[in-house]
Amino acid sequence: MDDRAGSVRREPRRILIAGGAGFVGSHLAARLVAEGHEVICLDNLQTGRLSNLAPLMSESRFSFVRHDIVQPVAIEGPLDEIWNLACAASPPQYQLDPLHTFRTCVNGSLNLLELAREKQARIFQASTSEVYGDPDVSLQAESYRGSVNTWGPRACYDEGKRSAETLFFEYERLGVEVRVARIFNTYGPRMSPEDGRVVSNFVRQALMGEALTIHGEGQQTRSFCYVDDLVEGLLRLMRSDARGPVNLGNPGEFTVRELADMVLAQTGSDSPLLHKPMPQDDPRQRRPDLGRAKRELGWEPRIPLAKGLAMTIAHFREELAGRDRPVSVVRAG
Ligand SMILES: NC(=O)c1ccc[n+]([C@@H]2O[C@H](COP(=O)([O-])OP(=O)(O)OC[C@H]3O[C@@H](n4cnc5c(N)ncnc54)[C@H](O)[C@@H]3O)[C@@H](O)[C@H]2O)c1
């Protein structure tokens, strides 16, 4: 990774983060406040948690507004940057109300893009590797157009995010400065233990002494990016001149079964594995081609899965213990 982060747009800025109470948004907010910027976090708390923002609540440069971006967004005063991270990211969460998920992606993006146009602010969209669907190429570059089912249970999110990209690039043609990251599976502290994603599921289940649920034989692959690496990539992208979508993630490829084994080894848990049927349209493989991110942002992830997992497990252990429930830690060393 080279040294160009923050070489431009460093002066204190007034920044809106939609979805700032979520997992990634709260890490981004903390980083931007620490850099001296004024941050307004806007969130409907659908999957986000105010506890994620607890360290920021006493900061004079930080404020929180409870609002759903499906409704028009009005913010008083100037804005330099708008970050759109608002959208449930975990399949069980975004499938609870598919129409709201789709509206969040489409109406929500439109509302924020209109705000960006009004304020002449640069706007970022958290797009996703899900725009590639169940890919039939083993390394997904930004030029790959994807293989998405338009009417399956994941479509409200996948097609919502694809539509959002269309909106962002149409507004770019109207003169709005947009930046779009296609984020691959990211994990770390502050993921909600109950949100249903594979890393949070396995860690919570292992620590609680419950069976780890694996879909199929667990031979599907995923690549896992630690949240600090991702946030660094997001900031570099927002401060860059990169046009078009940019993949951000970690190229290390692991089967879900390998992940389960690592979680069991690191937690010292003797939880069994519980195999369940594969969900419909579950992607068989995921691995980012990071060529653009390396070339244009000088960015690549630094934190290997074993290290990131250890930091995540430590955080989950603390959070679950704080809930006054038994936390199974059975084997020492
Ligand atoms: N974490 C990942 O692996 C990953 C991968 C690809 C893309 N992304 C994208 O990054 C963004 C952040 O993901 P995350 O992992 O932090 O998820 P998250 O669920 O923890 O955070 C999403 C936040 O958006 C808020 N939100 C949802 N709908 C909203 C609405 N209509 N109005 C206002 N707030 C709303 C939620 O309350 C939550 O705080 C999402 O847009 C997601 O699609 C994440």
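Residues numbered from 1 in each chain as written. Predicted model: local features only at pLDDT ≥ 70, side-chain atom pairs only at ≥ 80, totals over all residues. Heavy atoms only, no water.

Our next topic: the sheet that holds strand β1 (residues 14-18). Backbone hydrogen bonds hold the strands of a sheet together, and the pairing may be parallel or antiparallel. Pairing in this open sheet of seven strands is parallel, and the strands run β3-β2-β1-β4-β5-β6-β11 from one edge to the other. Lying at the two open borders of the sheet, with one neighbouring strand each, are β3 (62-66) and β11 (245-248). Looking at each pair of strands side by side, their axes are set apart by 20° on average, direction ignored. Where strand β6 (residues 178-183) and β11 come together, four bridges link them in parallel fashion. (Pairing = 2+ DSSP bridges. Helix = DSSP H or I, 4+ residues; strand = E, 2+ residues; numbered from the N terminus. Axes fitted to C-alpha atoms, helices over the stretch in contact; angles between N-to-C directions.)

This next bit is on the site of the ligand. Of all residues adjacent to the ligand, which total 30 residues, the nearest are Asp43, Thr47, Tyr157, Thr186 and Arg197. Thr104 places a polar side-chain atom, nitrogen or oxygen, 3.0 Å from a nitrogen atom of the ligand. Relative to its unbound accessible surface of 810 Å², the ligand loses 97% to contact with the protein. Looking at the shell around the ligand, the elements that each hand over two or more residues are α1 (23-34), α3 (98-119), β5 (122-128) and α4 (155-173). (Near = heavy atom within 4 Å. Polar contact = N/O pair within 3.5 Å; in protein donor to acceptor, adjacent residues only side chain to side chain. Areas by Shrake-Rupley, 256 points an atom, 1.4 Å probe, with all protein chains shown as cover.)

For the rest of this paragraph, the subject is the packing of α3 against α4. One way to put it is that α3 packs onto α4 with a least axis distance of 8 Å and a crossing angle of 15°. In terms of axis orientation, α3 runs roughly parallel to α4. Between α3 and α4 lies a crossing of right-handed hand. Residues Pro98, Thr101, Phe102, Cys105, Val106, Ser109, Leu110, Leu113, Glu114 and Arg117 of α3 form the contact with α4, whose own contacting residues are Cys156, Tyr157, Glu159, Gly160, Lys161, Ser163, Ala164, Leu167, Phe168 and Tyr171. Of the residues that constitute the contact of α3 with α4, the class distribution is twelve nonpolar, four polar and four charged. (Parallel < 35°, antiparallel > 145°, perpendicular 65-115°, else oblique. Left-handed = near helix turned anticlockwise from the far one by under 90°. Contact = heavy atoms within 4.5 Å. Nonpolar A, V, L, I, M, F, W, Y, C, P; charged D, E, K, R; others polar.)

Taken as a whole and assessed by the stated rule, the structure comprises five aromatic pairs. Residues Tyr132 and Phe184 carry aromatic rings whose centres are separated by 6.1 Å and whose planes lie at 40° to one another, so their mutual orientation is tilted. Here the residue Tyr132 occupies a position in the loop between β5 and α4, and Phe184 occupies one in the loop between β6 and β7 (186-187), the gap between them amounting to 52 residues. Through a chain of ring-to-ring contacts, three or more aromatic side chains come together here, namely Tyr132, Tyr144 and Phe184. (Phe/Tyr/Trp six-rings, centres within 6.5 Å; stacked < 30°, edge-to-face > 60°.)

Before going further, it helps to spend a moment on helix α6 (residues 227-238). For α6, with twelve residues, the first-to-last C-alpha span of 16 Å sits near the 16 Å given by 1.5 Å per residue. Across the twelve residues that make up α6, a large majority, eleven, are buried. Within α6, the full set of buried residues consists of Val227, Asp229, Leu230, Val231, Glu232, Gly233, Leu234, Leu235, Arg236, Leu237 and Met238. (Expected span 1.5 Å × (residues − 1). Buried < 20%, exposed > 50% of the residue type's maximum accessible area, 1.4 Å probe, protein only.)

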